Amino acid sequence: MERTSIRTVEGAGHIPAEVRANYESVIGLEVHVQLATATKAFCACSTRFGDPPNTNTCPVCLGLPGALPVLNKRALELATRAALALHCTVQERSRFARKNYFYPDLAKGYQISQFELPLATGGWLEIESGESKKRIGITRVHMEEDAAKNLHEGFAHADRYSHIDFNRAGVPLIEIVGEPDLRAPEEAYACLTNLKQALEYTSVSDCNMEEGSLRCDANVSVRPRGAEKFGTKVEVKNLNSFRYLQHALEYEIERQIGALEAGETVVQETRLWNVSAGRTESMRSKEFAHDYRYFPEPDLLPVRIAENWKEEIQRAMPELPDAKRARFVHVYGLTQDEAVVLTDSQQYADYFEAVVKHGADPRQTAGWMQRLSHLAEKTAELSEIIADKYGNVTAAHFAEMVGLVKDGTITATNARAVLAKMFETGKPAAEIIASEGLSPITDEEGVESICRGVLAKNPENVAKYRAGNEGVFKFFVGQVMRETRGRANPQTVNDILKRLLQRS
Amino acid sequence: MKISRDDVLYVAELANLELNESEVETFRGQLDAILTYIDKLKQLDVSDVEPMAQVLQSAASPDGALREDVVRKCDVADAILEQAPEAKKPYFRVPKVIER
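Residues numbered from 1 in each chain as written. Chains lettered and ligands numbered in written order. Predicted model: local features only at pLDDT ≥ 70, side-chain atom pairs only at ≥ 80, totals over all residues. Heavy atoms only, no water.

J.: In this structure, what is going on with the overall build of chain A? I would like to understand it.
T.: Broken down by element type, chain A carries 17 helices and 17 strands. Taken over C-alpha atoms, the radius of gyration comes to 30 Å for chain A, far larger than the 23 Å a tight globule of 504 residues would show. Projected onto the principal axes, the alpha-carbon positions of chain A cover approximately 95 × 55 × 50 Å. The buried share of chain A, reckoned over its 504 residues, is 51%. In the form shown here, chain A has an accessible surface area of approximately 23,300 Å², with 50% of it arising from carbon and sulfur atoms. Put simply, chain A has 61 plus and 70 minus side-chain charges, and the middle of one group is 2 Å from the middle of the other. (Helix = DSSP H or I, 4+ residues; strand = E, 2+ residues; numbered from the N terminus. Rg over C-alpha atoms; globule rule 2.2 N^0.38 Å. Buried < 20%, exposed > 50% of the residue type's maximum accessible area, 1.4 Å probe, protein only. Areas by Shrake-Rupley, 256 points an atom, 1.4 Å probe, with all protein chains shown as cover. Lys, Arg positive; Asp, Glu negative; His and termini not counted. Charge placed at Lys NZ, Arg CZ, Asp CG, Glu CD.)

J.: Help me understand the overall build of chain B in this model?
T.: Helices and strands together make up the secondary structure of chain B, namely three helices and two strands. When the helices and strands of chain B are placed in sequence order, the string is α-α-β-α-β. A compact globule built from 100 residues would reach a C-alpha radius of gyration of about 13 Å, whereas chain B, at 22 Å, exceeds it by more than 25%. Here the C-alpha coordinates of chain B stretch approximately 55 × 50 × 25 Å along the principal axes. The buried share among the 100 residues of chain B stands at 19%. Taking as baseline every contact in chain B between residues at least 6 positions apart, the subset at least 24 positions apart corresponds to 38%. With 13 positive and 20 negative side-chain charges, chain B shows a separation of 6 Å between the mean positions of the two kinds. (Contact = heavy atoms within 4.5 Å.)

J.: What am I meant to see in the sheet that holds strand 9 (residues 149–151) of chain A here?
T.: What holds strands together in a sheet is hydrogen bonding between their backbones, with the strands either parallel or antiparallel. Spatial strand order, 9(A)-10(A)-2(B): three strands in an open sheet with antiparallel pairing. Strand pairing shows two members of the sheet lacking a second neighbour, strand 9 of chain A together with strand 2 (92–95) of chain B, which therefore form its edges. On average, each strand axis in the sheet is inclined to that of its neighbour by 35°, with strand direction left out of account. In this structure, strand 9 of chain A lies alongside strand 10 (residues 161–165) of chain A, joined through three bridges in antiparallel fashion. Bridging across to strand 10 of chain A, A:L151 finds its partner in A:H163. (Pairing = 2+ DSSP bridges. Axes fitted to C-alpha atoms, helices over the stretch in contact; angles between N-to-C directions.)

J.: Explain the environment of B:S61 here, please?
T.: On the secondary structure map, B:S61 appears in the loop between helix 2 (21–42) and strand 1 (66–67). When near neighbours in sequence (up to four residues on either side) are disregarded, B:S61 contacts A:L301 and B:L56.

J.: Please clarify how the domain arrangement of chain A should be interpreted in this entry.
T.: Where interface size is given, it is often the accessible area lost as the parts come together that is meant. Residue and element names in this part refer to chain A. For chain A, the assigned domains are domain 1 (2–304), domain 2 (319–436) and domain 3 (444–502). Contacts between the two partners involve four residues from domain 2, matched on the other side by seven residues from domain 3. A combined buried area of about 330 Å² lies between domain 2 and domain 3, and 41% of that area is made up of carbon and sulfur atoms. Summed over the three residues of domain 2 that lose the most area to domain 3, namely T411, T413 and N414, the buried surface amounts to 83% of that side. Run the count over domain 2 and domain 3 and you get zero salt bridges. (Domains from an automatic or database assignment. Buried area = accessible area lost by both parts, 1.4 Å probe. Salt bridge = Lys/Arg side-chain N within 4 Å of Asp/Glu carboxyl O.)

J.: Honestly, the nonpolar core in this entry has me stumped. Any pointers?
T.: If you look at soluble globular proteins, the nonpolar side chains tend to sit buried side by side. All names here are of chain A. Residues I27, L29, V141, M143, I174, I176 and L192 are the most contacted members of the largest nonpolar core, which totals 71 residues. Setting aside residues up to four positions removed in sequence, I27 forms contacts with E179, P180, D181, L182, A184, P185, A188, A218, N219, V220, L249 and I253. Residues A360, L404, I432 and L438 belong to the second largest nonpolar core, which totals 35 residues. (Core = buried A, V, L, I, M, F, W, Y, C linked by side-chain atoms within 4.5 Å.)

J.: I tried to follow the pattern of salt bridges on my own but got confused; where do I start?
T.: Think of it this way: side chains of opposite charge can pair up when their charged atoms draw near. All names here are of chain A. Tallied over the full model, the rule gives 38 salt bridges over all chains. In this structure, R215 engages D146 in a salt bridge whose closest nitrogen and oxygen atoms are separated by 2.5 Å. Of this pair, R215 sits in strand 12 (residues 214–224) while D146 is found in the loop between strand 8 (132–145) and strand 9, placing the two residues 69 residues apart along the sequence. Judged on exposure class, the residue R215 and its partner D146 are both buried. A single network of salt bridges, built from pairs that share partners, joins E252, R255, E269 and R271.

J.: Just checking my understanding: could you explain the interface of chain A and chain B for this structure?
T.: Contacts between the two partners involve 58 residues from chain A and, on the opposite side, 38 residues from chain B. Carbon and sulfur atoms make up 60% of the area that chain A and chain B hide from each other, which totals about 4,500 Å². At the boundary of chain A with chain B, the tally comes to zero salt bridges. For the pair chain A and chain B, the interface holds 19 residue pairs in polar contact (both at pLDDT 80 or more). Mapped onto the side of chain A that touches chain B, the elements with two or more residues apiece are strand 2 (71–72), helix 2 (73–85), strand 10 and strand 15 (279–284) of chain A. Per-element tally for the side of chain A that touches chain B: the top contributor is strand 10 of chain A, with five residues. (Polar contact = N/O pair within 3.5 Å; in protein donor to acceptor, adjacent residues only side chain to side chain.)

J.: Help me understand the packing of aromatic side chains in this model?
T.: The description of an aromatic ring pair uses the distance of the two centres, along with the angle that the planes make with each other. Residue and element names in this part refer to chain A. For the structure on display, the rule yields 14 aromatic pairs over all chains. Look at F115 and Y294: their rings are 3.7 Å apart centre to centre, the planes differ by 5°, and that puts the pair in the stacked class. Taken together, the residues span a long stretch of sequence, with F115 in the loop between strand 6 (110–114) and strand 7 (120–129) and Y294 in the loop between helix 5 (286–289) and strand 16 (295–296) at a distance of 179 residues. F115 sits in the partly exposed class, given a relative accessible area of 37%. Taken together, Y101, F115, Y292 and Y294 form an aromatic cluster joined through their ring pairs. The ring of W124 carries R135 above its face, with NZ or CZ at 3.5 Å from the centroid. Lying over the aromatic face of F473, K498 brings its terminal NZ or CZ to 4.9 Å of the ring centre. (Phe/Tyr/Trp six-rings, centres within 6.5 Å; stacked < 30°, edge-to-face > 60°. Lys NZ or Arg CZ within 6 Å of the ring centre and 35° of its normal.)

J.: How do you make sense of helix 11 (residues 395–406) of chain A when you look at a structure like this?
T.: Because the α-helix completes a turn every 3.6 residues, residues three or four places apart line up on one side. Residues and elements named next belong to chain A. With twelve residues, helix 11 extends 17 Å from end C-alpha to end C-alpha; this agrees with the ideal 16 Å at 1.5 Å per step. For helix 11, the full list of buried residues reads A395, F398, A399, M401, V402, L404 and V405. Following helix 11 by one or two positions, G408 has its phi on the positive side, about 85°. (Expected span 1.5 Å × (residues − 1).)

J.: Even after reading the chapter, I still don't get the packing of helix 1 (residues 5–14) of chain B against helix 2 of chain B, so can you show me in this structure?
T.: Between two packed helices, both the angle of their axes relative to each other and the distance between the axes serve to describe the pair. Residue and element names in this part refer to chain B. Direction vectors running N to C along helix 1 and helix 2 enclose 105°, while the axes themselves pass 9 Å from each other. The orientation of helix 1 with respect to helix 2, classified from their angle, is roughly perpendicular. Two secondary-structure elements touch here, helix 1 through R5, V8 and L9 and helix 2 through E21, V24, F27, R28 and L31. Residues that form the contact of helix 1 with helix 2 fall into these classes: five nonpolar, no polar and three charged. (Parallel < 35°, antiparallel > 145°, perpendicular 65-115°, else oblique. Nonpolar A, V, L, I, M, F, W, Y, C, P; charged D, E, K, R; others polar.)

J.: What am I meant to see in the side chain of A:T343 here?
T.: Residue and element names in this part refer to chain A. Among the structural elements, T343 can be located in the loop between helix 8 (336–342) and helix 9 (346–357). A distance of 3.2 Å separates polar atoms of two side chains, one belonging to T343 and the other to R325. In this structure T343 touches Q197, Y201, K324, R325, F328 and A349, once residues within four positions along its chain are discounted.

See below:
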C-alpha cells in the first residue's frame, strides 16, 4: 500500500487579494461529538476519560466473537435531543450499519455506524453573517461508535509496534453532517461556535476539544465567483480547535486557488492539517480507502423513537442560545451584541439573570459583567469553566454593586477597583467601600477647593486652555480624580472646572 | 461467471489478506456460487414483502431492546491481554500501522 506523496503548492498563503476575490470558497463541516453518557454505546463499560489503558473494556468493545451489542438508551436520547436542537426531522425508525475497514483501532474489523437510514435528517443552524442571519443546512445526524486509540510514540520498539488502548472503543458519538452552505473560514468558525453552544446548552456533550469530545472535519472546494458548479472537494481532517479550523481552511483555500491559477487541477482527496508545519498534507487516496461495504448490522434490530418519547425529549429541551438571545433583547432591552456576549454559555446567561432577579439594572449588569470577565480572564486559564470566572462574587453581591453605582454610592471609576476586590475576596461591595474609604465626596465645596488647587498648581496648562487648547481639560479632570482617589463624581468635576476656567 | 479473479484480489486487499493462487481460485468459486444462488432467489416475486435486514425482527419484537446507562465493570482486560499476541501490558500491540 503506497503512501500518497505529500504535495504542497508553492506560494500557498501568498495569493494576492485581487486574485482571491475572483474565487469563492465552499465549505461543509462534519462534526463528531461524544455523547455525555456514563457507559459506551453498546456495552456497560465506562466512558471516563483518562482511566488506565484498557481497563474499560469487555468482550463487546474488544470485538470478541459471539459478544452482542445492546444500545444505550441514554445515548439514543441524547442523540435525539441533539437532532431536535438542530431542527432535524427525527426518523421514527433508523438502522445501524457496519462500516467495514481494516485498521487496528477497530477490533471487529468494522465500525457500527448508520448509513442508509440515519437517526435524523434535514435540519439547520443559524449563524450571524455580517448584519444578517444565515441558515446553514444540516444534512443528517447519525449515531456511531468511536474507535480505539493507537499510540505510536514514546514506547520501546515504537519503530516496530503500535500500542492500542481500547478504552475509547465503543464510546457513543453522533456525526453531524452539514450542507456545503458556508462561504468563508469565518462562517465555518461561526457555525462551529454556534453548534458547540447548542450542544453544550442541551447537555448533549461536554464538547471538550482537548479530550476529543468534539472533532471537526471540513470539506472544502473553490470555484470561480459566480459559477454554479462546485469545484473538486478536499476533505481536511484534524481540525480539533477553532484556531486550527480557521487556519487550515485559509491555507487550503489558498492552496486550491494557487493550483487552479497555475493551471493544475485539484485532486479529490483527504488531507490532514499539520499543526506544526501550518499546512494541509495529503493523507490517502480517496477512491480506494472509501470502499466501506456498508451493510445493515445484523446484531442490532432497527432503532425506534416512539412519538411520545420524542415529544417528551422535545418538552424537556432547555431554551436554546438563539431563543435566549432574542429574549434578552426583547425582555431586558439589551443590544444584540450584549445578548451575544451574555449567552456565550448557559452558566454566564444564568448568572446574568440571577443578578437581574436581585433587582439590578439589566443594561448596567451586562456592562459590569463584561468588566468582571476581563478581570477573570487575567487570572483564570481559558479552559476553566465559566462558573469559575466569578470567583466568590455571588449574584446578590453583584446586584448590590450595580445598584451602588447607579444610586451614586460609588463612582464608576472606583467601582472597577471594588469589583476587583470583590472578585479576590468574595466580600460584598459595601464592606469594601467602607474599609477602603471609597465613599464618594458629596461635599461640593470640598471638590471645588481641590479643583482650585489643581488649577493653581498648573498655570501653564490653564493658559493653554484659554488659548484654545481644549485637550488639556482632560488633564485637569485626571488630576482632580487622582487627588480625590476617584471618589469625586466626574460630572460634578467637569461642571466645576468649566465654571472656574471660564470665570477668571 | 459472476466473480472475477480481480474482484477476489480487490476484496482481499480491502481486508488486508494475502491469498495464494489456489486460494484465489477457491474463493472465486465459492463467491461465484453464492451470487449464482442469489440470482435464483431474485426470481421470487417479493413485491408485496417488506425488505428485512435482520432475521431477529418479527411482528412481536419489531425493535431493538435498549440498555440503561449504568456502568458495569467487566475486568477482563488482563485475561484477554494474556491471550493477545505480542501484548505489552497494559497495551495491546500490533505491528506498526502503515498509513494507507
